[in-house]
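The lines below spell out each chain.
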Amino acid sequence: MVGIKEELLKSIWHAFTALDLDRSGKVLSHNLCTVLNVPHDPVALEEHFRDDDEGPVSNQGYMPYLNKFILEKVQGNFDKVEFNRMCWTLCAKKNLTKSPLLISDEDAFKVWVIFNFLSEDKYPLIIVPEEIEYLLKKLTEAMGAGWQQEQFDHYKIALNTSREGLSAWELIDLVGSGQFSKGMDQQTVSMAINEVFNELILDVLKQGYMLKKGHKRKNWTERWFVLKPNIISYYVSEDLKDKKGDIILDGNCCVEALPDKDGKKCLFLIKCLDKSFEISASDKKKKQEWIQAIQTTVNLLRAGSPPPHKEARQKRKELRQKLLAEQEELERQMKELQTANENKQKELETVRKQLEAAAARAAEEEKKRLQTQVELQDRFSLELEREKMVRQKMEEQVAQKSSELEQYLQRVHELEEMYKQLQEALEDEKQARQDEETVRKLQARLLEEESAKRAELEKWHLQQQQTIQMTEAEKQELENQRMIKEQALQVAMQQLQQLELERKEALEQYEEVKKKLETAANNTKSWKDKVAHHEGLIRLIEPGSKNPHLITNWGPAAFTEAELEQRQKSWKGKKSTSE
């Protein structure tokens with residue numbers, strides 16, 4: 001009932017807006033009750049249309065009365081065409097254009113009813129471009145012409161730039177102008193409008209002449225069949241004036257093809273719960289089309305679905321609502337984005353000012369930085385020059401150190417050679433000391449022998465003095481002895497001379513050894529100086545200190561002072577013993 005109420009409201013709205021309700025509201029209400037088969041309530045009618053603040057032009061208006069006393073009582077047992085024609089009669093004269101149209105008033109009425117079916121469920125009523133395209137395509141298809149999509153796209157663009165859609169009267173002008181039916185005569189356009197009207201408004205899914213087999217006399221009679229969502233009606237002719245019967249369709253019905261028989265071709269059977277109907281189409285194509293149309297209708301009844309054109313309209317509306325919701329959501333998001341963008345613009349302006357201030361500070365800092373950079377570059381250049389000089393000096397020092405290292409290595413090599421020569425000199429000095437020691441021992445032995453000879457000579461001298469005092473005999477004897485002793489003395493003197501010669505030779509040898517020793521000492525001293533000059537790499541071995549030598553008439557003594565004292569004591573002891 002909600003769908004029927006919405007469809008009724010659109011037609012009533014046209015009549016409602018075309019009348020002066022203060023004078024004609026009662027007439028509209030009375031006519032509505034008549035065509036909708038609603039019982040009249042004269043008391044409520046008079047009560048509602050009284051001339052006070054509760055009247056039809058008050059805040060309460062006409063719609064509460066229409067809903068409460070008329071629309072809520074509609075049962076669906078009324079003629080839709082008659083209802084629409086009544087509303088059309090009330091509004092057409094005032095709104096229909098005076099310019100000549102290529103369609104009749106009847107066709108204009110049918111276009112107006114189709115408009116109410118396809119228009120949006122909001123007031124004032126308009127038909128959107130998508131529904132206009134759908135209607136024009138249906139009309140073009142019914143006329144057997146080709147659809148001009150490009151032409152409609154240009155029209156749609158021009159329409160969208162001015163408003164959202166067309167009113168009923170603008171749609172009638174569009175169809176009646178022949179803009180999308182060029183080359184078609186009025187009769188063809190009228191037939192196309194009638195076909196679309198039957199399908200969309202009268203729910204005619206298919207219609208046409210076929211032969212029907214009678215149930216009583218079993219004869220075949222031509223009838224005009226009209227297929228609707230739940231019924232197949234058949235008439236004597238296509239003017240629909242003389243109805244011969246109905247075939248009630250439900251989910252239990254089925255349709256099936258029959259083989260040719262009794263001279264009849266293209267047969268099919270419609271099975272219902274109480275009856276079956278044999279029908280013969282004009283050809284195989286029509287037969288298949290009817291079977292398919294009836295089977296589709298039965299399937300929709302089983303599924304509880306509305307007719308295809310109504311379902312398609314509902315889907316298109318849902319799609320438009322969805323797109324509208326998405327568009328509104330998009331507009332809302334765009335507004336939010338715009339608001340956010342404005343806020344961002346403000347923030348960006350603030351940030352821009354901050355950036356300008358920061359840029360000014362950055363420019364100042366950049367200037368200072370450049371100045372500092374120049375100073376640092378100058379300082380760096382000076383440091384670089386200084387570094388180059390230091391590096392050059394270091395390279396020179398490295399070269400010098402390398403040269404010194406080479407000289408040092410050369411000196412080490414020389415020192416190694418000197419060390420070898422010094423070893424040889426030390427060996428020579430050691431040999432010279434051994435020779436000196438040998439000579440010293442020899443000198444000491446000679447001195448001992450000399451001392452012994454001296455002691456013996458003194459003894460002989462004493463004995464000679466003693467013998468002088470003896471007698472002449474003894475003197476002679478002593479003279480002989482003296483001679484013997486003189487000879488012995490001479491021999492001793494010779495031996496002494498010989499010892500003196502040997503001592504001189506020993507002295508000479510000592511001098512030679514001393515010279516060698518001095519030479520070795522000088523060599524050692526020069527090597528010591530060289531070693532000291534070469535940073536003291538080698539420490540020379542020097543002979544230890546020596547006690548001072550005693551000097552005799554013949555040169556340095558070969559004995560020490562302690563040895564001399566011991567020998568003196570020995571001589572004195574021998575002398576006292578001889579006395």
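Residues numbered from 1 in each chain as written. Predicted model: local features only at pLDDT ≥ 70, side-chain atom pairs only at ≥ 80, totals over all residues. Heavy atoms only, no water.

In the nomenclature of an unreviewed UniProt entry, the protein chain corresponds to Switch-associated protein 70 from the organism Chordeiles acutipennis.

Q: For the sheet that holds strand S6 (residues 267-271), give the residues involved together with the corresponding values.
A: Hydrogen bonding along the main chain pairs the strands of a sheet, whether they run parallel or antiparallel. Spatially, the seven strands line up as an open sheet ordered S4-S3-S2-S1-S7-S6-S5, and their pairing is antiparallel. Two strands lie at the open edges of the sheet, namely strand S4 (243-248) and strand S5 (254-258), each paired on one side alone. Each adjacent strand pair in this sheet contributes to an overall mean axis angle of 35 degrees, direction not counted. In this structure, S5 lies alongside S6, joined through five bridges in antiparallel fashion. Each residue of the ladder has a partner; that of Cys-254, found in S6, is Lys-271. (Pairing = 2+ DSSP bridges. Helix = DSSP H or I, 4+ residues; strand = E, 2+ residues; numbered from the N terminus. Axes fitted to C-alpha atoms, helices over the stretch in contact; angles between N-to-C directions.)

Q: Lay out the nonpolar core with the relevant residues and their values.
A: Among soluble globular proteins, nonpolar side chains are generally buried collectively. If you look at the biggest cluster of nonpolar residues, it comprises 61 residues, and the most contacted ones within it are Leu-32, Trp-88, Trp-112, Leu-139 and Ile-172. Among the elements that take part in this core, helix H6 (residues 105-118) stands out by supplying nine residues, more than any other. When sequence neighbours within four positions are dropped, the list of residues in contact with Trp-88 reads Leu-96, Asp-105, Ala-108, Phe-109, Trp-112, Trp-169 and Ile-172. With 21 residues, the next largest nonpolar core counts Met-210, Leu-227, Trp-290 and Val-298 among its residues. (Core = buried A, V, L, I, M, F, W, Y, C linked by side-chain atoms within 4.5 Å. Buried < 20%, exposed > 50% of the residue type's maximum accessible area, 1.4 Å probe, protein only. Contact = heavy atoms within 4.5 Å.)

Q: Report on helix H11 (residues 284-303), specifying residues and quantitative values.
A: The terminal C-alpha atoms of H11 lie 28 Å apart, and with 20 residues this matches the ideal 28 Å at 1.5 Å per residue to within 8%. Among the residues of H11, those classed as buried are Lys-287, Trp-290, Ile-291, Ala-293, Ile-294, Thr-297, Val-298 and Leu-300. Of the surrounding secondary structure, the elements contacted by the buried residues of H11 are strand S1 (206-213), strand S2 (220-228), strand S3 (231-235), S5, S6 and helix H12 (308-468). Looking at where H11 begins, the residue whose side-chain oxygen comes 3.2 Å from the main-chain nitrogen of Lys-285 is Asp-283. (Expected span 1.5 Å × (residues − 1). Polar contact = N/O pair within 3.5 Å; in protein donor to acceptor, adjacent residues only side chain to side chain.)

Q: A description of a nonpolar patch on the surface should follow, citing residues and the corresponding values.
A: Residues Leu-330, Met-334 and Leu-337 make up a contiguous nonpolar surface patch of roughly 310 Å² in combined accessible area. Within the secondary structure, Met-334 is located in helix H12. (Patch = residues over 30% accessible without salt bridge, like charges linked within 9 Å, V, L, I, M, F, W, Y side chains within 5 Å. Areas by Shrake-Rupley, 256 points an atom, 1.4 Å probe, with all protein chains shown as cover. Salt bridge = Lys/Arg side-chain N within 4 Å of Asp/Glu carboxyl O.)

Q: Residue-level account of a negative patch on the surface, with values.
A: On the surface, Glu-502, Glu-505, Glu-508, Glu-511, Glu-512 and Glu-518 cluster together to form a negatively charged patch. Following the sequence through the fold, Glu-505 ends up in helix H13 (residues 472-533). Residue Glu-505 is classed as partly exposed on the basis of its relative accessible area, which comes to 47%. (Lys, Arg positive; Asp, Glu negative; His and termini not counted. Charge placed at Lys NZ, Arg CZ, Asp CG, Glu CD.)

Q: Which residues make up the packing of aromatic side chains, and what are the values?
A: Enumeration according to the criterion identifies 15 aromatic pairs in this entry. With 6.2 Å between their ring centres and 40 degrees between their planes, Phe-152 and Tyr-155 make a pair best called tilted. Taken as a pair, Phe-152 and Tyr-155 lie in helix H8 (residues 149-162) at a separation of three residues, close to a single helical turn. Side by side, Phe-152 and Tyr-155 carry an identical accessibility label, which is buried. For the ring pair Phe-225 and Tyr-234, a centre distance of 5.6 Å and an interplane angle of 40 degrees mean the geometry is tilted. In this structure Phe-225 comes out as buried when scored by relative accessible area, which is 0%. Residue Tyr-234 is classed as buried on the basis of its relative accessible area, which comes to 9%. (Phe/Tyr/Trp six-rings, centres within 6.5 Å; stacked < 30°, edge-to-face > 60°.)

Q: How would you explain the packing of helix H5 (residues 80-95) against H6 if you had to name every residue and give the values?
A: In contact at an axis separation of 10 Å, H5 and H6 are set at 105 degrees when each is read in the N-to-C sense. In terms of orientation, H5 and H6 fall into the roughly perpendicular class. For the pair H5 and H6, the contacting residues are Val-81, Asn-84, Arg-85, Cys-87, Trp-88 and Cys-91 in the first and Asp-105, Glu-106, Ala-108, Phe-109, Trp-112, Val-113 and Asn-116 in the second. Grouping the amino acids of the contact of H5 with H6 by side-chain chemistry returns eight nonpolar, two polar and three charged. (Parallel < 35°, antiparallel > 145°, perpendicular 65-115°, else oblique. Nonpolar A, V, L, I, M, F, W, Y, C, P; charged D, E, K, R; others polar.)

Q: Tell me about the side chain of Ser-233, residues and numbers included.
A: Secondary-structure assignment places Ser-233 in strand S3. A polar atom in the side chain of Ser-233 sits 2.6 Å from the side chain of Asp-246.

Q: Pulling in residues and values, what's your account of unusual backbone geometry?
A: Following Tyr-123, the chain continues into Pro-124 via a peptide bond in cis, with omega recorded as -5 degrees. Residue position: Pro-124 is located in the loop between H6 and helix H7 (129-143). The phi dihedral of Asp-203 is positive, around 60 degrees, even though this residue is not glycine. With respect to the helices and strands, the residue Asp-203 is situated in the loop between helix H10 (186-200) and S1. For Asp-203, a relative accessible area of 12% corresponds to the buried category. The residue Lys-218 is not glycine, and still its phi comes out positive at about 60 degrees. Within the secondary structure, Lys-218 sits in the loop between S1 and S2. Residue Lys-218 is classed as partly exposed on the basis of its relative accessible area, which comes to 49%.

Q: Please provide a residue-by-residue account of the confidence of the model for the protein chain, values included.
A: Across the protein chain, the average pLDDT comes to 82, with 88% of residues at or above 70. Across residues 52-59 the pLDDT falls below 50, and counting only partners more than four positions away or on other chains, this stretch makes 12 contacts in the model. Across residues 536-542 the pLDDT falls below 50, and counting only partners more than four positions away or on other chains, this stretch makes 12 contacts in the model. (pLDDT = per-residue confidence, 0-100.)

Q: Break down the pattern of salt bridges for me, citing the residues and quoting the values.
A: Applying the stated criterion across every chain yields a total of 30 salt bridges. Its salt-bridge partner being Glu-131, residue Arg-320 comes within 2.3 Å of it at the nearest N-O pair. Within this pair, whereas Arg-320 is found in helix H12, its partner Glu-131 is found in helix H7, the two being separated by 189 residues in sequence. With relative accessibility at 12%, the residue Arg-320 sits in the buried group. In this structure, Lys-137 engages Glu-133 in a salt bridge whose closest nitrogen and oxygen atoms are separated by 3.4 Å. One end of the pair is Lys-137 and the other is Glu-133, both in helix H7 and four residues apart, which spans about a single turn. Judged by its relative accessible area of 15%, Glu-133 falls in the buried class. In the salt-bridge network here, residues are joined through shared partners; they are Glu-120, Glu-131, Arg-316 and Arg-320.

Q: Describe the environment of Ala-15, naming the residues involved and giving the relevant values.
A: Secondary-structure assignment places Ala-15 in helix H1 (residues 2-18). In sequence terms Ala-15 and Cys-91 are 76 residues apart; their C-alpha atoms lie 5.1 Å from each other. Aside from chain neighbours lying at most four places away, what touches Ala-15 is Leu-28, Cys-87, Leu-90 and Cys-91.

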